[in-house]
Amino acid sequence: MNVLVTGAAGFIGSNFVFYMLEQHPDYQITGLDALTYAGNMETLAPAMTNKNFHFAKGDIADRDFVFQLFETTKFDVVVNFAAESHVDRSIEDPGVFLRTNIIGTQVLMDAAKEYGISRFHQVGTDEVYGDLPLDRPDLFFTEDMPITASSPYSASKASADLLVMAYHRTYQMPITISRCSNNYGPYQFPEKLIPLIIARALDNQDLPVYGTGENVRDWLYVEDHCRAIDRILENGKVGEVYNIGGHNEKSNLDVVKIILKHLGKPESLITFVGDRKGHDLRYAIDPTKIHNALGWLPTTKFDEGIKKTIDWYLANEAWWKNIISGEYQQYYEKMYGGR
Ligand SMILES: NC(=O)c1ccc[n+]([C@@H]2O[C@H](COP(=O)([O-])OP(=O)(O)OC[C@H]3O[C@@H](n4cnc5c(N)ncnc54)[C@H](O)[C@@H]3O)[C@@H](O)[C@H]2O)c1
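Report on the accompanying structure. (Residues numbered from 1 in each chain as written. Predicted model: local features only at pLDDT ≥ 70, side-chain atom pairs only at ≥ 80, totals over all residues. Heavy atoms only, no water.)

The next subject is the overall build of the protein. When helices and strands are tallied, the protein shows 13 helices and twelve strands. Taken over C-alpha atoms, the radius of gyration comes to 19 Å for the protein, in line with the 20 Å a tight globule of 339 residues would show. A principal-axis box enclosing the C-alpha atoms of the protein has dimensions of 55 × 45 × 35 Å. Across the 339 residues of the protein, 56% fall into the buried class. A separation threshold of at least 6 residues defines the contact pool for the protein, and within that pool the share at least 24 residues apart is 82%. For the protein, the computed accessible surface area is about 13,900 Å², with 50% contributed by carbon and sulfur atoms. The positive charge centre, built from 32 side chains, and the negative charge centre, built from 45, are 1 Å apart in the protein. (Helix = DSSP H or I, 4+ residues; strand = E, 2+ residues; numbered from the N terminus. Rg over C-alpha atoms; globule rule 2.2 N^0.38 Å. Buried < 20%, exposed > 50% of the residue type's maximum accessible area, 1.4 Å probe, protein only. Contact = heavy atoms within 4.5 Å. Areas by Shrake-Rupley, 256 points an atom, 1.4 Å probe, with all protein chains shown as cover. Lys, Arg positive; Asp, Glu negative; His and termini not counted. Charge placed at Lys NZ, Arg CZ, Asp CG, Glu CD.)

So, in structure tokens, the structure goes:
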């Protein structure tokens with residue numbers, strides 16, 4: 001089996017590469033990544049010595065590059081993680097999100113259509129369902145809900161999902177789509193809530209929390225997400241969408257407080273800042289379909305996952321300190337400086 005993993009030098013893509021190399025020692029995995037600010041070759045270092053892993057640097061929206069790659073390697077499966085993934089950045093500059101997340105997906109599917117594959121898996125997000133009210137804990141996102149994206153990021157991911165569905169209907173492309181809730185775990189770029197809070201709390205810096213911190217997210221340990229995608233590749237039905245999440249809702253403020261408790265740091269570090277524009281209130285996945293159809297359930301409880309994550313950031317300071325020096329400082333000032 002020859003698998004192309006795009007976005008392989010990012011957070012979930014790299015974890016998926018490690019997972020697949022370990023679970024399927026007979027697979028050949030090619031990691032593709034443009035190495036944007038979010039992609040890092042240091043992340044892929046553990047895979048680079050594996051004879052079953054190959055890396056290709058390039059842009060999924062670059063048609064010549066993508067077609068050349070498909071010409072030289074006969075892929076059976078494509079798993080598309082490559083994306084601009086940070087909502088705040090999409091509010092500042094939507095254009096690059098549309099190019100990578102929509103056009104990039106189209107280019108990959110065109111190549112897959114031209115050269116033939118047995119599966120194109122699109123890694124989607126629950127953010128395409130918009131948000132749920134805070135006072136209706138009985139409501140959850142199901143696969144048949146309408147798409148009502150709130151941010152340029154989620155609109156670009158929703159567009160990609162629609163395009164993937166259209167390629168299935170029009171060209172009989174063998175696709176599957178997964179829509180996952182918020183992930184956490186090793187190798188997440190420290191602009192996202194959990195690693196941002198860990199890195200700043202360790203340095204006793206103020207911890208920016210949007211609005212009142214009440215916004216609720218449904219957290220999933222990254223390895224559980226990787227296992228769900230592997231299940232979908234093996235037994236998922238072509239043309240289907242699967243929601244991935246584990247009924248693990250927490251408000252942003254609660255997540256910050258849990259991290260502070262683990263690190264033995266004071267809650268006085270918390271600083272409420274002006275809210276994100278269009279900030280979604282609550283995300284919550286109903287994972288009944290993937291559970292019933294594929295027997296998938298998350299195995300890592302939040303208490304265990306957050307401890308593993310914090311321990312990883314403590315043991316890998318060089319990885320994230322390298323990232324938060326330089327350009328990232330300017331980004332942080334721009335996003336949180338005057339709020
Ligand atoms: N992080 C989450 O909580 C979450 C939840 C649900 C779905 N997702 C989806 O999972 C996927 C991966 O998310 P992540 O958190 O790992 O993101 P990330 O930002 O950490 O990684 C994205 C990777 O894609 C690469 N990339 C960006 N533009 C590219 C391009 N034009 N060509 C090739 N590579 C490019 C980047 O260099 C980076 O390595 C995304 O599609 C995202 O929408 C993420």
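That covers the picture; the talk isn't over yet.
Looking now at the sheet that holds strand E4 (residues 77-80). Across the sheet, seven strands lie side by side as E3-E2-E1-E4-E5-E6-E10; this open sheet has parallel pairing. Edge strands, defined here as strands with exactly one partner in the open sheet, are strand E3 (53-57) and strand E10 (241-244). Pairs of neighbouring strands in the sheet enclose a mean axial angle of 20 degrees, with direction left out of account. As judged from the four bridges shared by strand E1 (residues 2-6) and E4, these two strands associate in the parallel manner. The residue of E4 that forms the bridge with Leu4 is Val78. Sheet strands touched by helix H3 (residues 63-72): E1, strand E2 (28-33), E3 and E4. Its angle to E3, the strand with the most contacts, is close to 155 degrees. (Pairing = 2+ DSSP bridges. Axes fitted to C-alpha atoms, helices over the stretch in contact; angles between N-to-C directions.)

Moving on: the site of the ligand. Near the ligand there are 29 residues, and of these Ile12, Asp33, Ser85, Tyr153 and Lys157 occur at the shortest range. Contact distances for the ligand include 2.9 Å between an oxygen atom and a side-chain N or O atom of Thr36. Thr100 places a side-chain nitrogen or oxygen 3.1 Å from a nitrogen atom of the ligand. Computed on the free molecule, the ligand has an accessible area of 830 Å², of which 96% lies beneath the protein chains in the complex. (Near = heavy atom within 4 Å. Polar contact = N/O pair within 3.5 Å; in protein donor to acceptor, adjacent residues only side chain to side chain.)

As a further point, take the pairing of E10. Each regular strand shows side chains that alternate between the opposite faces of the sheet. Residues Val241 and Asn243 point to one face of E10 and Tyr242 and Ile244 to the other, with burial holding for every one of them. Relative to E10, strand E6 (residues 175-180) runs parallel, the two being bridged by four bridges. Counted as the bridge partner of Cys180 is Ile244 from E10.

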